[in-house]
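Now for the letters of each chain:
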Amino acid sequence: MKKKTKTKNTTRAAARKEATREAALERYSDLVCTDSLGARNALLKLPYRNDAYLLSCIALTYRDEAMFFKNGRQRKHNVGAKLLVAKKYIDKAFRLMPDCRDLLYTRGNIHQAMDDNYTAFDCFIKILDIGKGKQPALNCSGSESWFIEMLINDAHFELYRIFRDLDNMRLAKRFLAEYKRGLKKGISTIYKPLEQFL
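What you see is a predicted model; the values in this text were computed from it and never measured.

Attention shifts here to the pattern of salt bridges. One pass over the full model with this rule turns up nine salt bridges. A salt bridge links K82 to E65, with the shortest nitrogen-to-oxygen separation between them at 2.8 Å. Of this pair, K82 sits in helix α4 (residues 80–96) while E65 sits in helix α3 (residues 52–67); the two residues are 17 residues apart in sequence, bridging distant segments of the chain. Salt-bridge contacts for K87 lead to D91; the nearest nitrogen and oxygen are separated by 2.7 Å. In this pair, K87 and D91 are both assigned in helix α4, four residues apart and thus about one turn of the helix distant. Looking at D91, the relative accessible area reads 13%, which means it is buried.

Okay, structure coming up:
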């Protein structure tokens, strides 16, 4: 009888823990575009230290604060201290789960913002190399397939931007063409309106 009660209590505790995590992630999702600090605080209440996805989300909030003002306008110069904190979180996440597309994308963005185009390049190329595999370890956020397709296609665009910044227009045009092919297939993107980012 005691064993059944213990199992039920363990199951209930796990269910409460999962519900708390889901609520925090929902709050994060609601706030991340408008209130980085509020989004981050929702996650800091969770046991995030060994959770690669949560670490990645926290890193993203610091990156956003480094690159954008509270009103959403882009800063002329990134805030280096915030980028270093973002790098600390994303590097820890990367050590925990080096093949997760979501982490690779965030890590690539952070290193790109720090003018480390070589590490950013490695991250975006790895996303393309992983491709559309369905292994859970490669999709640590549990994202829908449309989001995975968007990450892969947006990695093409990030590679276009890297090579454009390095004045390698041949490769820049190649990755831009791949990206536009994805758009023609109906793959979504975060780059809207596109003209603003070209």
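Attention now moves to the layout of surface pockets. For the second largest pocket, the calculated volume is near 180 Å³. Every residue lining the second largest pocket is counted, 10 residues in all, and those nearest its centre are N153, H156, G182, K185 and I187. The set of elements that each furnish at least two residues to the lining of the second largest pocket consists of α7 (145–165) and α8 (169–184). Counting residues per element, the lining of the second largest pocket draws most heavily on α7, at four residues.

Conventions we followed
Residue numbers restart at each chain and count upward from 1, following the sequence in its written direction. Owing to the predicted nature of the model, reporting of local features is limited to residues with pLDDT of at least 70; listing and counting of side-chain atom pairs is limited to 80 or more, with chain, interface and lining totals taken over all residues. Only heavy atoms go into the side-chain values, all of them from the structure, while hydrogens and water stay out. Any carboxyl oxygen of Asp or Glu within 4 Å of a side-chain nitrogen of Lys or Arg constitutes a salt bridge here. Runs of E in the DSSP output that reach at least two residues are strands. Runs of H or I that reach at least four are helices, and both are numbered from the N terminus. When accessible area is computed with a 1.4 Å probe and restricted to protein chains, residues below 20% of their type maximum are described as buried, those above 50% as exposed, and intermediate ones as partly exposed. In this analysis the probe radius is 1.4 Å and the grid spacing 1 Å, with only protein atoms considered; a cavity is a set of points the probe fits into but cannot get out of, a pocket is an open set with protein on both sides within 12 Å along at least five of seven lines, and lining residues have an atom within 4 Å of a point. Grid points are joined across faces, edges and corners, and a volume is the space filled by probe spheres set on the points.

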